[in-house]
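Inside the fold
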Amino acid sequence: MEPSPAKGKPQGRLLVSTTLDAKDELEERFERCVGIVTSMTNALSEREANDALTAHVCKGPQQHEEVCLGLFTVILTEPSQAQRCYRDLALINRDGMNVVLMKINQILMEKFLKLQDVCRTQLVWVVRELVKSGVIGADGVLMTLMKQIAGGDISSKNLWLAESVLDILLDQKEWVLKSGMLVAMSVYTYLRLMVDHGTPNLAIFRQKEVDFCISLLREKFMDCYVIGRDLVRLLQNVARIPEMELLWKDLLHKPQTLSPQFTGVLQLLSSRTSRKFLACRLTPDMETKLLFMTSRVRFGQQKRYQDWFQRQYLSTAESQSLRCDLIRYICGVVHPSNEVLSSDILPRWAIIGWLLTTCTSNVAASNAKLALFYDWLFFSPEKDSIMNIEPAILVMHHSMKPHPAITATLLDFMCRIIPHFFPPLETQVRQGVFNSLTFIMEKRVLAHLAPLFDNPKLDRELRSMLRDRFPEFCSSPSPPTEVKMEDPVPLDVDNHVLDKEDGCYDHPEAAFSDDEEEINNKAGKKRDFRFLPIKEEYIDEPVDITPYVDQLEDPLKEKVLQLQKESDMEVQCEVMQEIVDLILEDFDSEQMSTLASCLAELFKGHFRGDVLPDEITEESLEESVSKPVCLVFRNLCQMQEDNSSFSVLLDMLAELYQKQPKIGYHLLYYLKASKAAAGKMNLYEAFAQATALGDLHTCLMMDMKACQEDDVRLLCYLTPSIYSEFPDETLRSGELLNMIVAVIDSTQLQELMCHVMMGNLVMFRKDSVLNILIQSLDWETFEQYSTWQLFLAHSIPLETIIPILQHLKYKEHPEALSCLLLQLRREKPMEEMVKMVLSRPCHHEDQFTTSILRHWAAKHDDLLGEHIKALLIKNNNLPRKRQSLRSSSSKLAQLTLEQMLEHLDNLRLNLINIKNNFFTQTPILQALQHVQASCDEAHKMRFSDLFALAEEYEDSTKPPKSRRKAPASSPRSRKGAAPPTNNEEDSASSSASEEEEEVSKPKAPKRKRKGSSAVGSDSD
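**Notes on the overall build of the chain**
Helices and strands together make up the secondary structure of the chain, namely 59 helices and 0 strands. Burial analysis of the chain (1020 residues in total) assigns 51% to the buried set. Considering only contacts in the chain between residues 6 or more positions apart, those separated by 24 or more positions represent 72%. Element-wise, carbon and sulfur atoms account for 50% of the exposed surface of the chain, whose accessible area totals about 48900 Å².

**Some details on the packing of helix H32 (residues 592-602) against helix H35 (residues 644-659)**
The geometry of a pair of packed helices is captured by two quantities: the angle between their axes and the separation between those axes. Running from N to C, H32 and H35 cross one another at 55 degrees; their axes reach a closest spacing of 9 Å. Comparing the axis directions of H32 and H35 gives the class oblique. When the axes of H32 and H35 are compared, the crossing they make is right-handed. For the pair H32 and H35, contact is made by Met-592, Ser-593, Leu-595, Ala-596, Ser-597, Leu-599 and Ala-600 and by Val-648, Asp-651, Met-652, Glu-655, Leu-656 and Lys-659, respectively. Class assignment of the residues belonging to the contact of H32 with H35 gives a composition of 8 nonpolar, 2 polar and 3 charged.

**Overview of the confidence of the model for the chain**
Looking at the chain, pLDDT values average 80 and 83% of them are 70 or higher. The model gives residues 884-891 a pLDDT under 50, and that stretch makes 6 contacts with residues more than four places away or in other chains. The low-confidence segment residues 955-1020, where pLDDT is below 50, has 53 contacts with residues more than four positions distant or belonging to other chains.

**With respect to helix H13 (residues 230-238)**
An α-helical turn contains 3.6 residues, so any two residues separated by three or four positions project in the same direction. In terms of burial, H13 is largely enclosed, as 7 of its 9 residues are buried. Restricting attention to buried positions, one finds in H13 the residues Asp-230, Leu-231, Val-232, Arg-233, Leu-234, Leu-235 and Val-238.

**Quick notes on helix H8 (residues 156-171)**
Its 16 residues give H8 an end-to-end C-alpha distance of 22 Å, which sits within 8% of 22 Å, the value for a rise of 1.5 Å per residue. Among the residues of H8, those classed as buried are Asn-158, Leu-159, Leu-161, Ala-162, Ser-164, Val-165, Leu-166, Ile-168 and Leu-169. The inward-facing, buried residues of H8 abut helix H6 (117-132), helix H7 (138-147), helix H9 (173-176), helix H10 (180-194) and helix H11 (203-219).

**Focus on unusual backbone geometry**
One non-glycine residue, Ala-43, lies in the positive phi region at around 65 degrees. Along the chain, the position of Ala-43 falls in the loop between helix H1 (25-41) and helix H2 (46-57). You will see that Met-97, though not glycine, has its phi angle at about 70 degrees, which is positive. Assessed through its relative accessible area of 4%, Met-97 is described here as buried.

**Quick notes on a negative patch on the surface**
On the surface, Glu-553, Asp-554, Glu-558, Asp-581, Glu-585, Asp-586, Asp-588 and Glu-590 cluster together to form a negatively charged patch. Examined against the element boundaries, Asp-588 turns out to sit in the loop between helix H31 (569-585) and H32.

**Some remarks on the nonpolar core**
Grouped together as the largest cluster of nonpolar side chains are 180 residues, with contacts concentrated most on Trp-376, Ile-393 and Phe-453. Counting residues per element, this core draws most heavily on H10, which supplies 10 residues. Those residues in contact with Ile-393 that sit more than four places away from it in its chain are Trp-376, Leu-437, Ile-440, Val-445, Leu-446, Leu-449 and Leu-452.

**Notes on the packing of aromatic side chains**
A complete count under the given rule lists 26 aromatic pairs for this structure. Centroid distance Trp-308 to Tyr-313: 6.2 Å. Interplanar angle 75 degrees. Geometry classified as edge-to-face. Trp-308 sits in the partly exposed class, given a relative accessible area of 30%. An aromatic cluster of at least three residues, connected via ring pairs, comprises Trp-308, Phe-309, Tyr-313 and Trp-354. The ring of Phe-112 has Arg-120 sitting right over it, with the charged end atom 4.9 Å from the ring centre.

**What about the side chain of His-867?**
Within the fold, His-867 resides in helix H48 (residues 861-877). In this structure, His-867 is in contact with Pro-829, Met-830, Glu-831 and Val-834, ignoring residues within four places of it in sequence.

**Section: the pattern of salt bridges**
Opposite charge on two side chains allows them to pair when their charged atoms are near. One pass over the structure, following the stated rule, counts 44 salt bridges. In this structure, Lys-208 engages Glu-163 in a salt bridge whose closest nitrogen and oxygen atoms are separated by 3.6 Å. On the criterion of sequence distance, the pair formed by Lys-208 in helix H11 and Glu-163 in helix H8 is long-range, its members being 45 residues apart. Glu-163 sits in the partly exposed class, given a relative accessible area of 32%. Between Asp-230 and Arg-233 there is a salt bridge, and its shortest N-O distance comes to 2.8 Å.

**A few points about the environment of Ala-816**
With respect to the secondary-structure elements, Ala-816 resides in helix H45 (residues 814-825). For Ala-816, a relative accessible area of 0% gives the class buried. Between the C-alpha atom of Ala-816 and that of Leu-773, which follows or precedes it by 43 residues, the distance is 8.7 Å. Residue contacts for Ala-816: discarding those within four places in its chain leaves Leu-777, Gln-784, Trp-788 and Leu-808.

**Structural notes on the environment of Gln-312**
Inspection of the secondary structure assignment puts Gln-312 in helix H18 (residues 303-313). Among the residues examined, Gln-312 registers a relative accessible area of 45% and is labelled partly exposed. Each C-alpha atom, one on Gln-312 and one on Met-286, is 9.4 Å from the other, the two residues being 26 residues apart in sequence.

**Observations concerning the packing of H1 against H2**
Their axes nearest at 9 Å, the elements H1 and H2 cross at an angle of 130 degrees. Put simply, H1 runs oblique to H2. Here the hand of the crossing between H1 and H2 comes out right-handed. Every residue of H2 that contacts H1 at Ile-36, Val-37, Met-40 and Thr-41 is listed here: Ala-49, Ala-52, Leu-53 and His-56.

**Quick word on the state of the cysteines**
Enumeration according to the criterion identifies 0 disulfides in this entry. Residue Cys-33 stays outside any disulfide, its sulfur separated by 9.6 Å from that of Cys-68, the closest cysteine. Since its relative accessible area comes to 4%, Cys-33 is described here as buried.

Rules used throughout
Residues numbered from 1 in each chain as written. Predicted model: local features only at pLDDT ≥ 70, side-chain atom pairs only at ≥ 80, totals over all residues. Heavy atoms only, no water. Helix = DSSP H or I, 4+ residues; strand = E, 2+ residues; numbered from the N terminus. Buried < 20%, exposed > 50% of the residue type's maximum accessible area, 1.4 Å probe, protein only. Contact = heavy atoms within 4.5 Å. Areas by Shrake-Rupley, 256 points an atom, 1.4 Å probe, with all protein chains shown as cover. Axes fitted to C-alpha atoms, helices over the stretch in contact; angles between N-to-C directions. Parallel < 35°, antiparallel > 145°, perpendicular 65-115°, else oblique. Left-handed = near helix turned anticlockwise from the far one by under 90°. Nonpolar A, V, L, I, M, F, W, Y, C, P; charged D, E, K, R; others polar. pLDDT = per-residue confidence, 0-100. Expected span 1.5 Å × (residues − 1). Patch = residues over 30% accessible without salt bridge, like charges linked within 9 Å, V, L, I, M, F, W, Y side chains within 5 Å. Salt bridge = Lys/Arg side-chain N within 4 Å of Asp/Glu carboxyl O. Lys, Arg positive; Asp, Glu negative; His and termini not counted. Charge placed at Lys NZ, Arg CZ, Asp CG, Glu CD. Core = buried A, V, L, I, M, F, W, Y, C linked by side-chain atoms within 4.5 Å. Phe/Tyr/Trp six-rings, centres within 6.5 Å; stacked < 30°, edge-to-face > 60°. Lys NZ or Arg CZ within 6 Å of the ring centre and 35° of its normal. Disulfide = S-S within 2.5 Å.

Structure, rendered in structure tokens:
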């Protein structure tokens, strides 16, 4: 039994907890405050207690806070004393209830889910009393309480909370109307919740919501106008409700009836929704979990977190509607910094892609897609943020390979929403989508859209529709033309939530875009990014290194400033050499990071554009490695690794690498291209260990990935050296190979194959080639074909990789199967090859096994016959239980007797109309005899035509036995069998073959002992 509570302590606790939970700090503090209040008022009358509390409060802020929190805690935990304690609290507080308001907000944001049921009810009661009293700040508390009402949740607790808050808003409507933000937040919340309350048992509550929203929209429309375009989205979802339909029609056709300042729906749609509203429909717990995933979870490790989130919030049928809230929140609120975007943190598009795949109803899927594209429809670069439209294009781009159906459905939606969203505004919607795509290319979210819009994985009709809708983006890069449209309706009312943002990709640290910040393209500074490559966009911009250079000491500061002023490359190299000398002489290591920042800014232009010369000669290569940054590489090459100066300069390079990640592959290029670096490729390993990564493999893969994204020609140029110098890092997995085949074209593939055949490049070795080829099964078609071409250029025996057949499925891996088929065609069959071929599961559409067996039967019938005989006898001798266990204990295909017989029967049927003596060979017939003697009746019946070939063989070699068995032989069993005369000639042609037959047959009578031992004895 639980111990009874101590006398004077409140009954029950504040938070739900178990005996294993540590004591909550907030709860402990509340209990201490209750103890103080109780000790002062115990055994006193109400007047005396009030005087004692007032006297204590006057002593100082700490005593004031203790009494206020003590009375507040009693209100939460003891409903019977709540009225009296609230009255005392109202009388003695000296700060306008500020302490209580702060603690209520803290509980709502951090502890609400853990509150005891009684405390939760009392907390709502306190908020109601604060609103009744008109306490300043109560509107903020009420909005925080409203945030706790979860969307997509019709549980009793959530419905109770929604109805309780609505009752407060209805009872105190006059007070509500005084706060414009509370009006807008209430309308946004209950318009969204209405969607979840469509069941008959919630009809009364839903009607209250409808009446409340309509009254606020009609009375205070311009307060609601600040919601922005998402107000239209929410109204659209409930426009079929009769009362809402009337309002919807007025919004579209009679805007002046709502407000004289409102000119029409276009004015509302052109206004971006503030993040305050997008965030208000997620509970604090949902928001915390999403923020954690987008800032702490690494890409590839998100499944456990997604599973938890789905179990908690997305597992019920009514939770389908919550996905729209989540997608709008991710697009409009979660704006990661450049640092996060360039890291391996889980990207926004991956979460949205996952949310789209969890939609189980068509309505939810359509609404989710609309939520994703909503900011596209009326996008304006001057007002809207690139971060709001970036997730949609990246979901489509990244889903093309693993989930092409998602990309297709999103592209289809994007095309169809233009004419169907609101036909009178089709031109404006088309312009909005056009603006979005243009801005995406300008900001280099994607370099070109043609690979996405004109991808072979999309069906012909969709590609045709995309070409019709967006011809500017479906061809090779060219300047897109403007879509002509009428002037938009001027906005008469400023949207308070739309202010300015300096730029989405330039925030120094991870943060959400502020509510009052968005993009502002200043007049006179707008550039046209369409015609110029990236390297020319910024080439003339002056570099500002003032914040860094001021931290440097002379003479280093002087040299850095000189380097900034010089434009001649040779002079820059001379100054850079002087800086290197200063670093090696006497350099304060604390200034290393500052110097690296200066150099990274000064050399920014050196890392733009192509590194590799168009025409590769000794002179052009030397010229390409004559940049100032290469002075650091050259000095390192000239030093001994055990030299202290070498370590200092290497640390300097590692610091520079943190500021400019392209340094890595530029170092690799220098080590290959420069004569001064001949034989010094091991310098890169020392560099990798000096970096923050500290690992050669990780550093190498990251640098090659950066090279792949920047310059494919350079990637191909570096490939032979990288494979030869770092075989342990490159040959043990397919990571680098996948980078290469993902971007090369057919010419570059042919060049790499030539390098392989000339001995300059080894991309596979026997111990790892099988694993790499298995990894490649998930790659794109061209990537797989390129991989197989590169493999075939090597001289690796095919039997090394033949076990891959166990992993190949005829519908999922046609690329690998076709390459293997052509290669097996050139090989003589070996037993292991035949075993793997026969181990493939039988399927009437999978012709792989039959086709290669047919080829071998025509070209190498004797070898194939011997291998099949050995495999049949070996598998027939295994106990049946062991065969079944072996075939079921592994996911890989296993060779079973039944499979072999099925494949042989398919081969027999394929050869039935062709003159081929494969099934007349002695080894095949002997093996079939061997199997028939021991298999069960079901198999004998199923493969009767196959076994009939062996019976004919017995007829031709043993006349006495054959004559007795002939009448029992059916015409069906002889169908497809070879003529007996041929068998007689073959068996009589050589005495050696008869001796061989006698040696190989003794076991057959033993297997037939049950059925025909007597006949066998007579024959002998």
